[in-house]
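A closer look at the structure
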Amino acid sequence: LIKTKAVTLLKEFFDENICDLRIIEEKHRFIPIVEIKNGEYMPLSLYGDGMKKMLTMLNAIVNTEHGVVLIDEFETALHTSAMKEVFSFMAGAAEEMDVQLFLTTHSIEAVDKMLECLEGSPERIRVIRLRKKEGKIYARIIHKIILSAMLSKKIFLLDERNFLAYNAHMLILGSSVGRAPDC
């Protein structure tokens, strides 16, 4: 089921000619390939970084059932037009596989897209804002009430300089999210 959804996502955002994903063994090496409509096969290495990044993240989730996946700068190489669907797919796959995701970013657009794909489900995500001040790093968990308002686009979270994107953010998704206290 996850593979079928992945192929559908790849067709929609990367190449409408994609039919299937496979791994072949050649000279004791495993090579991911993409089957296209005309029956030909292309190595995944010929596709762009966004497609490879999405498949790498999905592979990590699928192979870590009941575990934890850490992804730094999870939005890199993904075009903003594909982010919401890719993030929604990742969150769904993580939930299905019982995987807790720890995602980091400096991108306010990535935070917005992740919040959009989880709209109405603030219990599924924890947003932690990291900020460096006077040589120390401070972490602040965004309270569920504020997060709910952010999800419904009623408020925008800005720091004292009105530049949220200048700070690092960690997003945590998964079944263990509710265990950390709000502040």
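All values reported here derive from a predicted model rather than from experimental measurement.

1. Some details on the overall build of the protein
- Counting its secondary structure elements, the protein contains five helices and eight strands.
- Out of the 183 residues belonging to the protein, those deemed buried represent 41%.
- Long-range contacts, defined here as pairs at least 24 residues apart, represent 62% of the contacts in the protein between residues at least 6 apart.
- Carbon together with sulfur atoms contributes 54% to the accessible area of the protein, which is approximately 10500 Å² in total.

2. Quick look at the pairing of strand E5 (residues 100–105)
- Taken together, the four bridges between strand E4 (residues 68–71) and E5 define a ladder with parallel strand orientation. For Val-69, the partnering residue across the bridge sits in E5 and is Leu-101.
- Taking the sense of rotation as the criterion, the β-α-β connection linking E4, helix H3 (residues 80–96) and E5 turns out right-handed.

3. Describing the pattern of salt bridges
- Tallied over the full model, the rule gives five salt bridges.
- Linking Glu-35 and Arg-22 is a salt bridge whose minimum nitrogen-to-oxygen distance equals 2.9 Å. Linking Glu-35 in strand E2 (residues 29–36) with Arg-22 in strand E1 (residues 18–26), this pair joins segments that are 13 residues apart in sequence.
- Here Arg-22 falls in the partly exposed class, since its relative accessible area comes to 36%.
- Between Glu-116 and Lys-84 there is a salt bridge, and its shortest N-O distance comes to 3.9 Å. In this pair, Glu-116 sits in helix H4 (residues 108–117) while Lys-84 sits in helix H3, placing the two residues 32 residues apart along the sequence.
- Residue classification places Glu-116 among the partly exposed positions, given a relative accessible area of 24%.
- Assessed through its relative accessible area of 33%, Lys-84 is described here as partly exposed.
- One connected set of salt bridges, linked through shared partners, spans Lys-3, Asp-20, Arg-22 and Glu-35.

4. Here's the deal with the confidence of the model for the protein
- Residue-level pLDDT values for the protein average 79, and 77% of them are 70 or greater.
- Predicted confidence is poor over residues 157–167, with pLDDT under 50, and the contacts of this stretch with residues over four places away or in other chains come to 20 contacts.
- Contacts for the low-pLDDT stretch residues 177–183, under 50 throughout, to residues beyond four places or in other chains number 18 contacts.

5. Some details on the nonpolar core
- Among the nonpolar cores identified, the biggest contains 43 residues, and Phe-87 and Met-90 are the most heavily contacted of them.
- Ranked by residue count, the leading element in this core is H3, at nine residues.
- Apart from residues lying up to four places away in sequence, Phe-87 is in contact with Phe-74, Glu-75, Leu-78, Ala-110, Lys-113, Met-114 and Cys-117.

6. Notes on the sheet that holds E1
- Strand order across the open sheet formed by three strands is E1-E2-E3, with antiparallel pairing between neighbours. The strands lining the two open edges of the sheet, one partner per strand, are E1 and strand E3 (41–43). Ignoring which end each strand starts from, the neighbouring axes of this sheet average 35° apart.
- Sheet analysis places E1 next to E2, joined by eight bridges and oriented antiparallel.

7. Thoughts on the side chain of Lys-53
- For Lys-53, the position within the fold is in helix H2 (residues 49–62).
- Despite its burial, Lys-53 pairs with no opposite charge; the closest candidate is Glu-75, at 6.7 Å N-O.
- Setting aside residues up to four positions removed in sequence, Lys-53 forms contacts with Asp-72, Glu-73, Phe-74, Thr-76 and Ala-77.

8. Details of the environment of Lys-53
- Given the relative accessible area of 19%, Lys-53 is considered buried.
- C-alpha of Lys-53 to C-alpha of Glu-75: the two residues are 22 residues apart in sequence and 8.8 Å apart in space.
- Within polar-contact distance, the side chain of Lys-53 engages the backbone oxygen of Glu-73 at 3.1 Å.

Conventions we followed
- Residues numbered from 1 in each chain as written.
- Predicted model: local features only at pLDDT ≥ 70, side-chain atom pairs only at ≥ 80, totals over all residues.
- Heavy atoms only, no water.
- Helix = DSSP H or I, 4+ residues; strand = E, 2+ residues; numbered from the N terminus.
- Buried < 20%, exposed > 50% of the residue type's maximum accessible area, 1.4 Å probe, protein only.
- Contact = heavy atoms within 4.5 Å.
- Areas by Shrake-Rupley, 256 points an atom, 1.4 Å probe, with all protein chains shown as cover.
- Pairing = 2+ DSSP bridges.
- Right-handed = clockwise from strand over helix to strand, strands pointing away.
- Salt bridge = Lys/Arg side-chain N within 4 Å of Asp/Glu carboxyl O.
- pLDDT = per-residue confidence, 0-100.
- Core = buried A, V, L, I, M, F, W, Y, C linked by side-chain atoms within 4.5 Å.
- Axes fitted to C-alpha atoms, helices over the stretch in contact; angles between N-to-C directions.
- Lys, Arg positive; Asp, Glu negative; His and termini not counted.
- Polar contact = N/O pair within 3.5 Å; in protein donor to acceptor, adjacent residues only side chain to side chain.

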